[in-house]
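Examining the three-dimensional arrangement
Here is what each chain is made of, one letter per residue.
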Amino acid sequence: MKSARYCVCLASVAACLLSFCGNLAAEQLPLKRAVELALSHSTALEASHFDEQRAFASYQESRNQYIPQLVVGSGLGKTYGYPLSLEGSAPSIINTTAQSAVINASLRDFVRAAHTDWQATTVQTKDQRAQVIQDTVLSYAELSKWEALMTHLNQDYEQALKMEQLVTQRIASGIDNPQARNQARLATARIFLHVSQAQGSIDVLKNRLSQLTGVAAAAIDTVPESIPVLPEIKTEDDLAAKAAQESPLIQIADIRASALAFRARGEHRALWPTVDFAAQYALLAKFNNYQDFFRTGSFQRHNATIGVAIRFPFLNPSQHARARAADAEAQHARKDVQATKNQVSEQTLKLQRAVDQLAAAQQVVDLEYQIAQSNLNTAQVRADAGSATFHDLNDARNQVSERYDALQDANFELQRARISLLRVTGEIESWVGVGK
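Just so you know, these numbers come straight off a predicted model, no measurement behind them.

Moving on to the overall build of the protein. Check the secondary structure of the protein and you find eleven helices and six strands. Taken against the 2.2 N^0.38 rule, which gives 22 Å for 436 residues, the C-alpha radius of gyration of the protein at 38 Å runs more than 25% over that of a compact globule. Taking the principal axes of the C-alpha coordinates as reference, the protein spans close to 135 × 50 × 35 Å. Taken over 436 residues, the protein has a buried fraction of 37%. Partitioning the intrachain contacts of the protein with sequence separation of at least 6 by distance along the chain shows that 84% fall at a separation of at least 24. If you sum the accessible surface of the protein, you get close to 25,500 Å²; carbon and sulfur atoms cover 56% of it.

The next thing to look at is the pairing of strand β6 (residues 302-311). Counted residue by residue, β6 has zero buried out of ten residues, so it is predominantly exposed. In the sheet, strand β5 (residues 274-283) pairs with β6 via ten bridges, with the strands oriented antiparallel. Residue pairing for β6: D276 is matched across the bridge by A309.

Taken over all residues, the pLDDT of the protein has a mean of 86, while the share at 70 or more is 92%. Looking across the protein, the model is least confident in helix α1 (residues 2-25), with a mean pLDDT of 44, and most confident in helix α7 (residues 248-269), with 95. When the criterion is pLDDT under 50, residues 1-24 qualifies, and its contacts beyond four places in sequence or with other chains add up to seven contacts.

Another point: the packing of aromatic side chains. A full pass over the atoms with the stated rule returns five aromatic pairs. Ring geometry for F56 and W118: centres 4.7 Å apart, planes at 50°, overall tilted. One end of the pair, F56, is in helix α3 (residues 43-63); the other, W118, is in helix α4 (residues 105-172), with 62 residues separating them in the sequence. The exposure class assigned to F56 is partly exposed, which follows from its relative accessible area of 29%. Between Y59 and W118 the ring centres are 6.1 Å apart and the planes differ by 5°, which places this aromatic pair in the stacked class. One end of the pair, Y59, is in helix α3; the other, W118, is in helix α4, and 59 residues separate them in sequence. For Y59, a relative accessible area of 12% gives the class buried.

The backbone of N289 shows a phi angle near 70°, a positive value even though the residue is not glycine. In this fold, N289 is placed in the loop between β5 and α8 (290-293). In this structure N289 comes out as buried when scored by relative accessible area, which is 17%.

This part covers the sheet that holds β5. The sheet built from four strands is open, its strands ordered β2-β3-β5-β6 with antiparallel pairing. With partners counted over all chains shown, the strands left at the sheet margins are β2 (69-73) and β6, one partner each. Along the sheet, successive strands turn relative to each other by an average axial angle of 15°, direction set aside. Across five bridges, β2 lies against strand β3 (residues 94-103) in antiparallel orientation. Following the sheet pairing, V71 is matched in β3 by T97.

Look at α4 against α7: their axes get within 8 Å of each other, and the N-to-C directions meet at 170°. In terms of axis orientation, α4 runs roughly antiparallel to α7. The crossing of α4 and α7 is left-handed. Considered class by class, the residues forming the contact of α4 with α7 number ten nonpolar, seven polar and ten charged.

The rules behind the values
- Residues numbered from 1 in each chain as written.
- Predicted model: local features only at pLDDT ≥ 70, side-chain atom pairs only at ≥ 80, totals over all residues.
- Heavy atoms only, no water.
- Helix = DSSP H or I, 4+ residues; strand = E, 2+ residues; numbered from the N terminus.
- Rg over C-alpha atoms; globule rule 2.2 N^0.38 Å.
- Buried < 20%, exposed > 50% of the residue type's maximum accessible area, 1.4 Å probe, protein only.
- Contact = heavy atoms within 4.5 Å.
- Areas by Shrake-Rupley, 256 points an atom, 1.4 Å probe, with all protein chains shown as cover.
- Pairing = 2+ DSSP bridges.
- pLDDT = per-residue confidence, 0-100.
- Phe/Tyr/Trp six-rings, centres within 6.5 Å; stacked < 30°, edge-to-face > 60°.
- Axes fitted to C-alpha atoms, helices over the stretch in contact; angles between N-to-C directions.
- Parallel < 35°, antiparallel > 145°, perpendicular 65-115°, else oblique.
- Left-handed = near helix turned anticlockwise from the far one by under 90°.
- Nonpolar A, V, L, I, M, F, W, Y, C, P; charged D, E, K, R; others polar.

Take a look at the structure:
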């Protein structure tokens, strides 16, 4: 038994030394620095930037149709008899064409729709940025909670080992029955289980923060004091209305509805007349027999045409149907905007009320912890005076440990809900203190 107890103590000392060495190697990582690293390292945010670039390129693609598109080529070929066309153009040494839209109401609306889609991706990037901040803050806060709890659990574990030794001595002295040894070992095993669970949570959260920030998991050392104080939330505050104004989900839905409205109008205006600029230049060759089929002296090698192409769509049932489908899609998107507003308002109100409930629950758990601490102090005084048994003092200590664990969980759940509320109201970025 002594050798087993010696091994347990030796393992505990070794674990403490390893933890101490790990802390020496780790560099303190304040919350603001962790968020900045996560923003610069996030693959999701980088992908969102690429989506933004793609949308901007699509907008430029539509807008640049008003800029003449210049094509230079050649239609070289040997002619036998009359010079027939090659792909719609006369055989030529050099052929240059230019074309662009001049008056096109449909294209103008499609350009506006593409520009609106680009605006939606910028809002999506902003929302993704807020998501990265929230994930980093919650992981950081939870890791700080588990690290603080780990310190307390280690103290409880050391106390449980001492208590187990004391129970063994009392059994040897005939004060307690042998069943007390199993009870003491059970208490120690329970605390060791909590220690294992806490260490597992710490390892997982460090790995998650490592993936978010790019910092090695072993080098992450949180600074609980770097977490800013959360602003107070009053029950009478109309946070649902504020969230409706700031919510990226509503903004994205509204912007996309506007884009679909532009596209629907563009489909209707595709039936309007259009005017395009067109120009062409060709350098003709004599070996294509042009001079044999035109009057002598009328053939010239340099030829150019410039003008406009005017189109009047008169009958296009397919386009009419396409326009009606676009109208239905735009109306559906507008209804989605209202549905999104209702959803965000309801979720915000639920979250605000959840904060109130969690605050009340946290107060209850805090009072229970204070009462347990007071009972422990009373039991200690009575034990010193000889009016309380050893088991009464041990039970009081276990109650304090349980209430402390519950208090840490309640504090974090309240913190999580308040941080989530900051996210939906658009205040999380200013709360952390990172730049745009």
